[in-house]
Amino acid sequence: MKALYISFCLLLGALYNCKADTTMVLKYSDFMQMVITNHPVSKAARLMVDRGAMAEQQARGNFDPKLFGVYDQKFFESKNYFALLNSGLKIPTWYGIEFKGGYETNNGVFLNDENTTPSSGLWYAGISIPVGQGLFIDERRAALRKAKLINQASLSQQILAQNELCYDAGKAYWDWFLAFNQQRIAIEAYNATNQRLQAVVESERAGDRSKVDTLEASIQMQERYVSMLQSRIELNNKTLWLSTFIWNDNDEPLQINDNLVAPDYAAAEQEFDKMLPPNLNDTGAINNHPLIYYYQVELRKLRIDQELKSEKLKPVVDLNYNLLQNNANINNLNTENYKWGVSVGFPIFIRKERAELKLAKIKVKEVELDLENKRVQLNNKLQMGVRELEIVTDQVNFYGKTLTDQMSLLNAERSLFDAGESNLFMINARESAYINASNKYVDLISKKYKAALFTAYSLGMISQMK
């Protein structure tokens, strides 16, 4: 519901420029939920699952029963040379056996003897069995087995596509978070310097400060003002880039406006645990990566092709048997009326088949090597992300004390300045040190969240984490 409200605020901000009292923090989890739900790339990724299901259904269609019918007639110089009708039903099965049944009737002046049928026609029921090539696997069975694998891999493809999208969106969010908080720091610094300038001007009028102090305070205010404008440019660029990832339910892009703000340091820290994968210390976690599963599926598909190519080395030996009946009454069935045959074929040198099998084996080896390479790459990426996360987390924890100490120094210097025991140079130096420390601290926080994002990306889990 919060994500829906944020989407509503985005739309209102674009149309009516929402007032400040309607401002709302755009949390990382809400932002990512909107990306996964509404972004066109994410929606297109979800279609991959439907595509995989349709591929399997299409392959299953090769085993659908089929009606057939053939009518062939020749009529010349007022003579019916022949009229041939053959219609029926074919039922293929998973084991390569095909059942067939139908009705045949032929007549004509010049009808071939082999096509002669009783006047009432001829009913038949038969079976075709491959006892050589095609006994264990054929094109139809291979296509269906591969289609099942494609359907299983479609979810991994969806996760991979969404993982890439969420990684780009996550980096954009934490860049925006950094720019927003650095602008906060710049605005606070400018306001503090501006207030001091007003105080120094009043003190000069009262004779407590020199003109030089006023000039120094004015220069400092001007520098802080320029820094504030620069931070505004940076924030504007990051906001525009972040907006490219936000869409509504109607596939319309939304724009981030002033009614949505980034969280501060403390609020952002509450989101950190949601970014960490649950199995970072699991040495076998990388084997669950969707890319690894995708390669494993590709390998299984190629092995099916290899099995099919091996089957091609066998000779073709197909047995056909048809039981014949001159009427549809099954009670009068006579098993002595039948038609049977065998078809045999085999290329002498089988050069084509042997070459195709060797190529299939080469492809399997290529994918096996590629799979091992990808596994090593992904594992190294994960280790890089985990190590970087550990180091940056230590930096954030350590530098937090530095920031606190800088604030203590600044407060002490301000007290001395108010008591007349310090000067503008010292307080400006303390303020500059504190501002630099604040910017560095928020930059480290942003790096920390990006490192957590990268570890989840390395495991292919960003889109699955809520």
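Residues numbered from 1 in each chain as written. Predicted model: local features only at pLDDT ≥ 70, side-chain atom pairs only at ≥ 80, totals over all residues. Heavy atoms only, no water.

J.: I would appreciate a short explanation of helix 10 (residues 424–458) in the present structure.
T.: Residues spaced three or four apart along an α-helix point in a common direction, a consequence of the helix completing one turn every 3.6 residues. Spanning 35 residues, helix 10 covers 50 Å between terminal C-alpha atoms, matching the ideal 51 Å at 1.5 Å per step. Two residues or fewer after helix 10 comes glycine 460, characterised by a positive phi angle close to 70°. (Helix = DSSP H or I, 4+ residues; strand = E, 2+ residues; numbered from the N terminus. Expected span 1.5 Å × (residues − 1).)

J.: Where do I start with the environment of phenylalanine 75 in this structure?
T.: Of note, phenylalanine 75 is situated in strand 2 (residues 66–76). Look at phenylalanine 75 and you get exposed, because its relative accessible area is 56%. (Buried < 20%, exposed > 50% of the residue type's maximum accessible area, 1.4 Å probe, protein only.)

J.: What is the right way to read the nonpolar core from this model?
T.: Nonpolar side chains in soluble globular proteins generally cluster together in the buried interior. Core analysis: the biggest nonpolar cluster contains 53 residues, and Phe31 and Trp176 have the highest contact counts within it. For this core, the secondary structure elements donating two or more residues are helix 2 (28–38), helix 4 (139–206), helix 5 (211–243), strand 6 (260–261), helix 7 (272–275), helix 9 (351–418) and helix 10. With 14 residues, the single largest contributor to this core is helix 4. Here phenylalanine 31 is in contact with Leu26, Ala169, Tyr173, Leu242, Phe245 and Ile246, once residues within four sequence places are set aside. Counting 16 residues, the second largest nonpolar core, distinct from the first, contains Ala285, Leu302, Leu378 and Val386. (Core = buried A, V, L, I, M, F, W, Y, C linked by side-chain atoms within 4.5 Å. Contact = heavy atoms within 4.5 Å.)

J.: Sorry, what's going on with the sheet that holds strand 2 here?
T.: Strand-to-strand pairing in sheets goes through backbone hydrogen bonds, with the strands running parallel or antiparallel. Here we have six strands laid out as an open sheet, ordered 2-3-4-5-7-8, and antiparallel in their pairing. Of all strands in the sheet, those with a lone pairing partner are strand 2 and strand 8 (338–345), marking the two edges. Taking each pair of neighbouring strands and ignoring which way they run, the sheet shows an average axis angle of 15°. Here 11 bridges tie strand 2 to strand 3 (residues 79–92), and the two strands are oriented antiparallel to one another. Within strand 3, the residue paired with phenylalanine 68 across the bridge is glycine 88. (Pairing = 2+ DSSP bridges. Axes fitted to C-alpha atoms, helices over the stretch in contact; angles between N-to-C directions.)

J.: What should I look at first to understand the packing of aromatic side chains in this one?
T.: To describe a pair of aromatic rings, you give the distance between the ring centres and the angle between the ring planes. Within the structure shown, the criterion is met by 20 aromatic pairs. Relative to tryptophan 123, the ring of tyrosine 103 has its centre 4.8 Å away and its plane inclined at 50°; by these criteria the two rings are tilted. Of this pair, tyrosine 103 sits in strand 4 (residues 98–107) while tryptophan 123 is found in strand 5 (residues 122–130), placing the two residues 20 residues apart along the sequence. Of note, arginine 140 hangs over the ring of phenylalanine 63, and the distance from its end group to the ring centre comes to 5.6 Å. Here the guanidinium or amino end of lysine 148 rests over the ring plane of tryptophan 94, the centre of that ring lying 5.8 Å away. (Phe/Tyr/Trp six-rings, centres within 6.5 Å; stacked < 30°, edge-to-face > 60°. Lys NZ or Arg CZ within 6 Å of the ring centre and 35° of its normal.)

J.: Before we go on, may I ask you to explain the packing of helix 4 against helix 5 in this structure?
T.: A pair of packed helices is characterised by two quantities: the angle between their axes and the separation of those axes. Orientation of helix 4 relative to helix 5, taken along the N-to-C sense of each, is 160°, at an axis distance of 8 Å. As summarised for this structure, helix 4 and helix 5 are arranged roughly antiparallel, according to the angle between their axes. Relative to helix 5, the crossing made by helix 4 is left-handed. Grouping the constituent residues of the contact of helix 4 with helix 5 by class yields 20 nonpolar, 10 polar and eight charged. (Parallel < 35°, antiparallel > 145°, perpendicular 65-115°, else oblique. Left-handed = near helix turned anticlockwise from the far one by under 90°. Nonpolar A, V, L, I, M, F, W, Y, C, P; charged D, E, K, R; others polar.)

J.: Looking at this model, I keep getting lost on a positive patch on the surface. Mind explaining?
T.: A surface patch of positive charge is lined by Lys66, Lys90, Lys100 and Lys339. Along the chain, the position of lysine 66 falls in strand 2. (Patch = residues over 30% accessible without salt bridge, like charges linked within 9 Å, V, L, I, M, F, W, Y side chains within 5 Å. Areas by Shrake-Rupley, 256 points an atom, 1.4 Å probe, with all protein chains shown as cover. Salt bridge = Lys/Arg side-chain N within 4 Å of Asp/Glu carboxyl O. Lys, Arg positive; Asp, Glu negative; His and termini not counted. Charge placed at Lys NZ, Arg CZ, Asp CG, Glu CD.)

J.: Before we go on, may I ask you to explain the packing of helix 9 against helix 10 in this structure?
T.: Taken N-terminus to C-terminus, the directions of helix 9 and helix 10 make an angle of 160°; their axes are 7 Å apart at the nearest point. Between helix 9 and helix 10, the interaxial angle falls into the category roughly antiparallel. For the pair helix 9 and helix 10, the crossing hand works out as left-handed. For the contact of helix 9 with helix 10, the class distribution of residues is 24 nonpolar, eight polar and nine charged.

J.: What is the right way to read the pattern of salt bridges from this model?
T.: Proximity of charged atoms lets side chains of opposite charge pair with each other. Tallied over the entire structure, the rule returns 21 salt bridges. In this structure, arginine 375 engages glutamate 372 in a salt bridge whose closest nitrogen and oxygen atoms are separated by 2.7 Å. Of this pair, arginine 375 and glutamate 372 both sit in helix 9, three residues apart, roughly one helical turn. Here glutamate 431 makes a salt bridge to arginine 414, at a shortest N to O gap of 3.3 Å. Residue glutamate 431 is found in helix 10, and its partner arginine 414 is found in helix 9; the two are separated by 17 residues along the sequence. Classification of glutamate 431 by relative accessible area gives buried; the value is 2%. For arginine 414, a relative accessible area of 30% corresponds to the partly exposed category. Here the salt bridges do not stand alone but share partners, grouping Arg196, Arg224, Arg414 and Glu431 into one network.

J.: Explain unusual backbone geometry here, please?
T.: Across the chain, the bulk of peptide bonds are trans and the bulk of non-glycine residues have phi less than zero. The phi dihedral of glutamate 77 is positive, around 50°, even though this residue is not glycine. With respect to the element layout, glutamate 77 can be found in the loop between strand 2 and strand 3. Judged by relative accessible area, which is 61%, glutamate 77 ranks as exposed. Phi at isoleucine 350 is positive, roughly 40°, even though this residue is not glycine. Assignment of secondary structure puts isoleucine 350 in the loop between strand 8 and helix 9. Given a relative accessible area of 15%, isoleucine 350 falls into the buried group.

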